[in-house]
Amino acid sequence: MLILDLFKMALRSLIANKLRTFLTTLGIIIGVASVISMIAIGEGAKQQTLSTISKFGTNIISIKPGREKKRHVSGDRVVTLTLEDARAIESGVPLITGVAAQVYKAAQLKYSSKNTNTTVRGTGQDYGRLANFTIDRGRYFNMSEIRTSRQVAVLGATVVKNLFEETNENPVGKTIKVDGKNYLIIGSMEAKGALSWYDPDDQIFIPVTTAQKRLFGMDHVQSIDVQAANIEDLETIKEDIDRLLRLRHNIREDKESDFHVQNSSQWLNSWGDAAKTFTYLLGGVAAISLMVGGIGIMNIMLVSVTERTREIGIRKAIGAKKREILEQFLIESVLMSFLGGGIGILLGLVIAKTVSKMGGWETVVSVESILLAFGFSVGIGIFFGYYPANKAANMNPIDALRYE
Amino acid sequence: MIDVQNLCKTYQLGNVNVSALKNATFSFERGEFVAIMGPSGSGKSTLMNLLGCLDLPSSGTYRLDGNDIQGMTPDRLAEIRNRKIGFVFQNFNLLPRASALENIELPLLYGRVPDSSKKAMSALDRVGLSERARHNPSELSGGERQRVAIARAIVNEPAIILADEPTGNLDSRTGKEIMNIFTQLNRDGVMVLLVTHEEEIAQYARHILLMKDGEIVKNAMIAEIAT
């Protein structure tokens with residue numbers, strides 16, 4: 001018997017029991033759809049995070065006040081880092097190419113009749129370079145403006161859009177009010193592009209000293225970013241910074257630091273770990289649901305073999321060999337899992353699309369996940385279809401013909 | 001053609017050995033028309049299964065066309081059934097979801113015979129049902145179903161047709177039509193082995209095997225019995 005004829009016969013018997021076929025494949029459909037959609041969502045989140053991190057720069061070390069183990073303590077209230085710490089790092093730690101201390105707070109901006117709320121970031125002259133910002137018009141502020149706490153500002157692209165788009169003016173040279181105080185705009189930044197939960201262009205930059213003294217009234221800093229010349233030196237630099245700051249803060253050897261040092265590669269690592277856990281979890285869910293789906297197929301195939309005992313007898317009487325009976329039933333179960341896999345992939349794609357539409361969440365459907373899910377479901381069809389098919393193939397033709 | 005020597009079949013039921021067939025010995029030449037008769041439990045079915053190569057004997061030899069079937073694998077037996085034997089059953093045993101033509105085509109497909117649908121069509125023509133080719137068995141009358149089953153049995157041009165109570169589920173008029181087809185096939189040179197318990201049906205045969213308790217108690221020409 002040709003494989004095509006076997007295929008036709010299998011298809012016919014599946015069509016004859018449409019509802020049963022559908023219910024049987026449902027297990028595989030759900031399993032495959034969940035694998036596809038969950039991997040798509042996870043992969044989307046991962047890529048989004050990675051692009052955020054790489055936008056920030058991968059060779060940046062970030063120092064935050066507070067103990068590492070108590071991250072929930074608000075950075076605002078922990079006042080252990082100062083501008084002097086930043087200067088000490090700049091002059092005392094080798095292999096670095098820039099240091100930027102930062103303070104930041106929300107503030108209201110006003111230009112003529114327009115208002116907008118944004119983040120005001122007080123920082124040093126290196127920050128624009130460290131955070132991968134490019135000057136669009138005008139310039140960034142310089143050392144002397146920082147030293148003298150001048151009231152100058154560089155605007156992010158979103159702020160420029162909010163305040164100047166309608167009049168289409170060049171913001172450079174204009175004066176805006178920040179919480180009521182006049183600031184001269186000396187430059188604007190090119191857009192970096194917004195992420196769904198964070199828009200790096202929606203902020204303005206002013207000299208850190210100005211922000212501390214004139215705007216926020218604080219003498220500590222909320223964060224110090226350090227740029228390494230080479231990514232390979234990150235660990236050495238981190239150790240140097242740690243040693244230097246512990247010395248400056250008079251921390252005894254047996255005491256914990258009052259600051260913590262981290263870098264984006266650490267972030268990447270912890271993300272990698274999380275992603276791995278996620279993948280294992282998904283794999284487990286997928287394996288279990290596909291397994292359940294496979295048992296469903298086996299169950300129905302056993303019922304089907306019993307129901308069709310007489311048919312098997314007839315086929316054997318007129319000359320079907322063992323192998324041909326085996327193939328016929330195996331094709332049926334593989335067809336079912338194949339069908340389930342196909343529908344499951346489509347359903348998974350629809351779910352992924354819906355999630356990204358409704359949740360504003362990026363999803364990435366990988367070809368690998370499709371192939372994996374599909375291959376797996378077909379494998380399940382063969383594995384769980386073999387036993388019933390073998391049972392059919394080994395039937396005694398006389399008993400099968402006599403079966404009522 | 002068919003040569004049976006001391007054929008025995010013993011079944012094991014628990015600890016008891018049941019002899020369903022004891023020392024059957026006979027031989028028939030090509031073109032015979034034999035009715036196998038006897039009450040139920042007499043061993044007719046067992047003999048049919050053995051002659052149809054559906055089962056292997058416990059002892060004795062069965063030569064079909066000179067081939068000893070003893071020791072053949074199930075697949076080899078399937079091949080012999082496919083090529084040399086056509087089955088016709090009391091309850092037709094057609095595949096319900098396949099059309100008449102597809103049912104007839106099936107032995108050709110298993111035998112990998114080319115031009116299967118053309119050959120199936122001409123077999124259907126021989127039983128006078130070509131206009132019903134696309135109908136499913138459920139859309140056919142009992143007599144039509146049995147004619148489809150006969151077409152399926154002869155499509156591979158077998159040397160032997162084994163018919164097990166072929167008229168048992170039919171009214172007497174349709175039964176006669178079916179028996180006429182068998183007679184015609186026999187005239188064309190096919191050996192017909194007919195299992196029946198109806199005297200009237202047995203009259204179509206030329207030869208009778210009468211069985212009782214697993215033994216052949218009579219093996220004679222119909223003409224001899226009549227006298």
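Everything quoted here is computed from the prediction, not taken from an experiment.

Parameters and conventions
Counting restarts for each chain, with residues numbered from 1 along the sequence as it is written. Written order determines the labels here, with chains lettered from A and ligands numbered from 1. Selection of residues for local features in this predicted model requires a pLDDT of at least 70, selection of side-chain atom pairs for listing and counting requires 80 or more, and totals for whole chains, interfaces and linings are taken over all residues. The side-chain quantities take in all heavy atoms of the structure and omit both hydrogens and water. Cysteine sulfur pairs qualify as disulfides if the two atoms are within 2.5 Å. Accessibility here uses a 1.4 Å probe with only protein chains present; expressed as a share of the type maximum, an area under 20% marks a residue as buried, one over 50% as exposed, and anything in between as partly exposed. The secondary structure listing takes helices from DSSP runs of H or I that are at least 4 residues long and strands from runs of E that are at least 2 residues long, numbered from the N terminus. Two strands pair under a simple rule: DSSP has to find at least two bridges between them. Contact definition: two residues touch when any of their heavy atoms are within 4.5 Å. For the domain bounds, the source is a domain assignment made automatically or taken from a database. Salt bridges are defined as contacts in which a side-chain nitrogen from Lys or Arg sits within 4 Å of a carboxyl oxygen from Asp or Glu. To get an axis, fit a line to the C-alpha atoms, keeping to the stretch in contact for a helix; angles then go from 0 to 180 degrees between the N-to-C directions. Surface patches are drawn from residues lacking salt bridges whose relative accessible area is over 30%; two like charges belong together within 9 Å, two nonpolar side chains (Val, Leu, Ile, Met, Phe, Trp, Tyr) within 5 Å. Computed by Shrake-Rupley with a 1.4 Å probe, the accessible areas treat only the displayed protein chains as cover when residues are assessed. Angle categories: roughly parallel below 35 degrees, roughly antiparallel above 145, roughly perpendicular from 65 to 115, and oblique for all the rest. By definition, turning the near helix anticlockwise from the far helix through less than a right angle yields a left-handed crossing, and turning it clockwise yields a right-handed one. Throughout, the ten residues Ala, Val, Leu, Ile, Met, Phe, Trp, Tyr, Cys and Pro are labelled nonpolar, Asp, Glu, Lys and Arg are labelled charged, and all others, Gly among them, are labelled polar.

Asker: Can you help me understand the state of the cysteines in this one?
Answerer: Joining two cysteines, a disulfide is a covalent bond between their sulfur atoms. All names here are of chain B. Here the structure, examined in full by the defined rule, presents zero disulfides over all chains. Left unpaired, Cys8 is separated from the closest cysteine sulfur, that of Cys53, by 17 Å. Given the relative accessible area of 0%, Cys53 is considered buried.

Asker: Mind showing me how you'd approach the environment of Tyr104 of chain A here?
Answerer: Residues and elements named next belong to chain A. Along the polypeptide, Tyr104 turns up in strand β2 (residues 96-111). Tyr104 gets classed as partly exposed once you look at its relative accessible area, which sits at 27%. Sequence separation of Tyr104 and Thr123 is 19 residues, and the distance between their C-alpha atoms is 8.5 Å.

Asker: Before we go on, may I ask you to explain the sheet that holds strand β1 (residues 2-13) of chain B in this structure?
Answerer: Either a parallel or an antiparallel arrangement is found when strands of a sheet pair, and the pairing is made through backbone hydrogen bonds. All names here are of chain B. Overall, antiparallel pairing links the four strands, which are arranged β2-β1-β4-β5 in an open sheet. Strands with a single pairing partner mark the edges of an open sheet, and in this sheet they are β2 (16-28) and β5 (67-68). Pairing of β1 with β2, which is carried by nine bridges, proceeds in the antiparallel orientation. Following the sheet pairing, Ile2 is matched in β2 by Phe28.

Asker: Before we go on, may I ask you to explain the environment of Ile89 of chain A in this structure?
Answerer: Residue and element names in this part refer to chain A. As for its placement among the helices and strands, Ile89 is situated in helix α3 (residues 83-92). For Ile89, a relative accessible area of 0% translates into the label buried. Sequence separation between Ile89 and Leu244 is 155 residues; the distance between their C-alpha atoms is 7.5 Å. If we ignore the near neighbours within four places in the chain, the residues touching Ile89 are Ile63, Ile96, Val99, Ile224, Val226, Ile241, Leu244 and Leu245.

Asker: Just to check I follow, could you spell out the domain arrangement of chain A for this structure?
Answerer: Interface extent is often summarised as the accessible area lost during association of the parts. Assigned domains of chain A: these are domain 1 (3-52 + 269-402) and domain 2 (79-257). Computed over C-alpha atoms only, the centres of domain 1 of chain A and domain 2 of chain A are separated by 55 Å.

Asker: What is the right way to look at unusual backbone geometry in this model?
Answerer: Even without being a glycine, Asn168 of chain A presents a positive backbone phi close to 55°. Note that Asn168 of chain A resides in the loop between α6 (157-164) and β6 (175-178). The residue Asn6 of chain B is not glycine, and still its phi comes out positive at about 50°. Relative to the helices and strands, Asn6 of chain B is located in strand β1. Given the relative accessible area of 42%, Asn6 of chain B is considered partly exposed.

Asker: Just checking my understanding: could you explain the pattern of salt bridges for this structure?
Answerer: Where side chains of opposite charge bring their charged atoms close, a pairing between them can arise. One pass over the full model with this rule turns up 24 salt bridges over all chains. Each member of the salt-bridge network shares a partner with another, and the members are Arg308, Glu311, Arg315 and Glu332 of chain A.

Asker: How should I be thinking about the sheet that holds strand β3 (residues 33-37) of chain B in this particular structure?
Answerer: All names here are of chain B. In space, the six strands of this open sheet follow the order β6-β7-β8-β3-β9-β10, with mixed pairing throughout. The strands lining the two open edges of the sheet, one partner per strand, are β6 (85-88) and β10 (215-221). Strand-to-strand, the axes of this sheet are offset by a mean angle of 15°, without reference to chain direction.

Asker: Sorry if this is basic, but what is going on with a nonpolar patch on the surface here?
Answerer: Residue and element names in this part refer to chain B. There is a patch of nonpolar side chains on the surface, built from Tyr11, Leu13, Val16 and Val18 and spanning about 350 Å² of accessible area. The set of elements that each furnish at least two residues to the nonpolar patch consists of β1 and β2. Within the secondary structure layout, Leu13 lies in strand β1.

Asker: Looking at this structure, how should I read the packing of helix α5 (residues 142-154) of chain B against helix α6 (residues 172-187) of chain B?
Answerer: Relative placement of two packed helices is described by the angle separating their axes and the distance separating the axes. Residue and element names in this part refer to chain B. Running from N to C, α5 and α6 cross one another at 15°; their axes reach a closest spacing of 10 Å. Between α5 and α6, the angle falls in the class roughly parallel. In this structure, α5 meets α6 at a crossing whose hand is right-handed. The segment α5 lies against α6, with Gly143, Gln146, Arg147, Ile150 and Ile154 engaging Thr174, Glu177, Ile178, Ile181, Phe182 and Leu185. Looking at the contact of α5 with α6 residue by residue, the class counts come to six nonpolar, three polar and two charged.

Asker: How should the packing of helix α11 (residues 322-358) of chain A against helix α12 (residues 367-393) of chain A be read in this particular structure?
Answerer: All names here are of chain A. Taken N-terminus to C-terminus, the directions of α11 and α12 make an angle of 150°; their axes are 7 Å apart at the nearest point. In terms of orientation, α11 lies roughly antiparallel with respect to α12. At the point where α11 passes α12, the crossing takes the right-handed sense. Contacts between α11 and α12 involve Lys322, Ile325, Leu326, Phe329, Leu330, Ser333, Val334, Ser337, Phe338, Gly341, Gly342 and Ile345 from the former and Ile370, Phe374, Ser377, Val378, Gly381, Ile382, Gly385, Tyr386, Ala389, Asn390, Ala392 and Ala393 from the latter. Class assignment of the residues belonging to the contact of α11 with α12 gives a composition of 15 nonpolar, eight polar and one charged.

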